[in-house]
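Overview (structure and organization)
Letter by letter, the chains look like this.
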Amino acid sequence: MAPPGMAPNGWTPQLRHPKESTYFALAAVAGVIAWLFLIWIVLLIGWAIALPVLLIAWFAEKFFRAQLLGNSVRVSETQFPEIHEMARNFSTRLGLTKTPDIFIVNGNGLVNALAIRRLRNKYILLMSDLVDLLLSTGSLDELGAVVGHELGHHALGHTSPLKHLFLFPGLLVPFLGSAYSRACEFSADRAGLWLSGSKAAAIRALGALACGSRALTPQLNIESFVSQERDAAGFFGFLINIYSSHPRLTLRVEELRAAEPAVLGVTTA
């Protein structure tokens, strides 16, 4: 099995955004310094709280899974097989040893998708309104970019509990945690772009997230949408950005447009 981000032929696309590596390094340094002071506390009382915490986490995962199985639709070989096969293929390309469980969830108007990890189990939740919106084009390409984005979070370690525990002290540094989170979104976007194989489809998927209308999204003018970034930028745009866990969608589109097709192995169509 190829490692995360490696194609079967051994060629490795540059999925991880440079900003993610930078902010990870800063958070890691701060985390190491903090844990050097905290390690003695962990050694003294960690054994006493580890078992209860693991027990609570186990119950929480079982409850979470039961809720999903009872109130949403799991994608499988017999349930929406095209989506299942796409996710299985993407997972293999990313080097995941197991395809995360994918559920279609009634979003009640929420247009979103989530990558979630509970203990060792990985999940992707696709809100029904988002699925309808992305499939309104008549192809799987836009949905593929979103599924690839969420799989990218898992493959690049963004949902790893141990990684979050290690980085936790560093992510408490003002603005560093949100900056790292935004950089991870850029990396996941690159994964979605690579897996979908089409820059245009990945960009249209982001435009659909911004628009949210099944009727209007097919008519969305991406050039006009991206031009909004010029008006969003500036002091207040900067303030909004530094407090946000996700970059502005206009910025995310700009990042994908700037990505070199030769680096990620995709077409511009």
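What this report covers is the structure whose coordinates are included nearby.

Conventions we followed
Residues numbered from 1 in each chain as written. Predicted model: local features only at pLDDT ≥ 70, side-chain atom pairs only at ≥ 80, totals over all residues. Heavy atoms only, no water. Helix = DSSP H or I, 4+ residues; strand = E, 2+ residues; numbered from the N terminus. Buried < 20%, exposed > 50% of the residue type's maximum accessible area, 1.4 Å probe, protein only. Contact = heavy atoms within 4.5 Å. Areas by Shrake-Rupley, 256 points an atom, 1.4 Å probe, with all protein chains shown as cover. Arc of directions from axis to C-beta. Phe/Tyr/Trp six-rings, centres within 6.5 Å; stacked < 30°, edge-to-face > 60°. Patch = residues over 30% accessible without salt bridge, like charges linked within 9 Å, V, L, I, M, F, W, Y side chains within 5 Å. Salt bridge = Lys/Arg side-chain N within 4 Å of Asp/Glu carboxyl O.

This brings us to the overall build of the protein. The secondary structure content of the protein amounts to eleven helices and four strands. Scored against the burial criterion, the 269 residues of the protein give a buried share of 43%. In the protein, 71% of the contacts between residues at least 6 apart in sequence involve partners at least 24 apart. Carbon together with sulfur atoms contributes 64% to the accessible area of the protein, which is approximately 14300 Å² in total.

This brings us to helix H5 (residues 161-171). Those residues of H5 not exposed but buried are Leu167, Pro169 and Gly170. Buried residues of H5 fall within an arc of 145° about the axis and therefore sit on the same side.

Another aspect to go through is the packing of aromatic side chains. With the rule as written, the count across this model stands at six aromatic pairs. Ring centres of Phe24 and Tyr180 lie 6.4 Å apart, and the angle between their planes is 45°; on these two criteria the pair is classed as tilted. Taken together, the residues Phe24 in helix H1 (residues 18-71) and Tyr180 in helix H6 (residues 176-196) connect sequence positions 156 residues apart. Between the aromatic rings of Phe235 and Phe236, the centroid separation amounts to 5.3 Å while the plane-to-plane angle is 75°, which identifies the pairing as edge-to-face. Taken together, the aromatic side chains of Phe64, Phe103 and Tyr123 make up a single cluster linked through ring pairs.

Let us now look at a nonpolar patch on the surface. Taken together, the side chains of Val29, Val32, Ile33, Leu36, Phe37, Leu38 and Phe166 present a nonpolar region at the surface, about 660 Å² in accessible area. With six residues, the top contributor of residues to the nonpolar patch is H1. For Phe37, the position within the fold is in helix H1. Under the relative-accessibility criterion, Phe37 is labelled exposed at 60%.

Under the defined criterion, the tally for this structure stands at seven salt bridges. The shortest N-O distance in the salt bridge between Glu20 and Arg16 comes to 2.6 Å. For Glu20, a relative accessible area of 1% gives the class buried. Put simply, Glu85 and Arg88 hold a salt bridge, and the shortest N to O gap is 2.6 Å. Placement of the pair is Glu85 and Arg88 together in helix H2 (residues 81-94), with a separation of three residues, close to one helical turn. Glu85 sits in the partly exposed class, given a relative accessible area of 37%. Residue classification places Arg88 among the partly exposed positions, given a relative accessible area of 38%.

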